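Okay, here's what each chain looks like letter by letter:
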Amino acid sequence: MTLPAQRHGTDPGRELAEPGFWQQPPAHRLAAFARLRTAEGPVFVPEGSGPGHWALVRHAQVQEASRLPKVFASAPGVTTPEPARWVRALFGDSMVNLDGPDHAQLRKIVQRAFTPRLLAAAEADIHAVAARIVDDVLAERPDEFVSAVASRLPLEVICNMMGIPEHYRAEIADRVNHASENIGVERGLASRLRMPGRGLRALARMQRMVAGIGRERRKHPTDDLISALVRANVDGQALGARQLGAFFSLLMVAGVETTRNAITHGLSLLTDHPDQRDLLLSDFETYADGAVDEMIRHSTPIIQFRRTVAAEHTMDGHVFRPGDKVVLYYASANRDEAVFPDPDAFVITRSPNPHLGFGGGGPHFCLGAHLARVEMKALFRELLTRPVGLRAVGLPDLAGSNFDNRVRSLKFAFERP
């Protein structure tokens, strides 16, 4: 029996609009998405005083919307709530919130800056940073994984790649945490009034910092990504100060947060599934790529992105109208039974594994997908193949966000002294 998509009466998707839903254990949320995937078409989710949105919860639905950017537009914003106009005017539009020629031109400039030489240097640096982090862990024996391991790798790699001077990095790490700590998290009234200002101030300071570095690199370029971005010549254009700031904020908040969460969930998954850990350790190079992709599918670091319908379109019997709001629920699509047999199982040999952890394809597919995979593989090689093994202790402390599968902390221990 299937459930019809509804907009009036008892809305099957009403639960997704309730803040308490995102505070529930992951199993509760996944069960709700499984019920929604039995609906005949897109499911309506009311949003209090807002217009509500249509939930795309199946793998095929999310892929279709991702690959039709002229129908399902990223502008005016992919987050919930959408960024205010004054915020966009002040900070500039992030690449994820742009469409058409504006997005294509900005992405082209960025892609041109990622030269083969820069990428090769970044990959070599990833292995060196991963080894150094695990050396530190073995020497210092910390007990909290996110701060000691998972956050350090993507932050150091991105800062090295961008050419951020060492004396700025502690402040940047702090700004990233302030900018992202409450995205998608329900808070009390006093906190809602206070925290947006704190997050925006963190972004502003981060952008001013990188703009100053960009000005210096225009005059005295070095062999780093900031120099390449501010001196790129794509149809006579390079990144201006505001564009550079917006790109850097995206890279730091998205690149650091998503990778650190995938790494943290990965350790928890390997601890909870010792048979899969043993298989991975039996031949790391054979199984590592599949393990990384299964960690990303199973944890789905970004839960959802928003789209605004720009042209009439029919999907699964439902007609979308211009102005309708749509949300792509990657967390549900990555558990779609029609694509992933036994979707709740963690299986590092899953093949094929067409997960949507980096997006559903189309022009907004994640630019950092390759580097994220390299980072995760390098770190788990170091974590798992040293003489002293590591394991998670207890459950991850989840933020309860409706935007990303964020882990605040995870205790860990050494298996052998």
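First, a word on scope: everything that follows refers to the structure included in this document. Model, not experiment: these values are computed from the prediction.

### As for unusual backbone geometry
Keep in mind that most residues, glycine aside, have a negative phi and that most peptide bonds are trans. Between A75 and the following residue, P76, the backbone shows a cis peptide bond with an omega angle of 5 degrees. Counting through the fold element by element, P76 comes out in the loop between β3 (72-73) and α3 (85-91). Residues S351 and P352 are joined by a peptide bond in cis, for which omega reads 0 degrees. As for its placement among the helices and strands, P352 is situated in the loop between α14 (330-333) and α15 (369-385). Not every positive phi belongs to a glycine, and D316 is a case in point at roughly 50 degrees. Note that D316 resides in the loop between β5 (313-315) and β6 (318-320). Exposure remark for D316: the relative accessible area of 39% places this residue in the partly exposed category. Residue D342 is not a glycine yet carries a positive backbone phi of 50 degrees.

### Considerations on the packing of aromatic side chains
For the structure on display, the rule yields 12 aromatic pairs. Feature note: the residues F21, W22, F33 and Y329 constitute an aromatic cluster, connected by ring pairs. Sitting over the face of the ring of F414, R141 holds its NZ or CZ atom 4.1 Å from the ring centroid. Note that R297 overlies the ring of F340, its terminal NZ or CZ placed 5.2 Å from the centroid.

Cut-offs and rules
Residues numbered from 1 in each chain as written. Predicted model: local features only at pLDDT ≥ 70, side-chain atom pairs only at ≥ 80, totals over all residues. Heavy atoms only, no water. Helix = DSSP H or I, 4+ residues; strand = E, 2+ residues; numbered from the N terminus. Buried < 20%, exposed > 50% of the residue type's maximum accessible area, 1.4 Å probe, protein only. Phe/Tyr/Trp six-rings, centres within 6.5 Å; stacked < 30°, edge-to-face > 60°. Lys NZ or Arg CZ within 6 Å of the ring centre and 35° of its normal.

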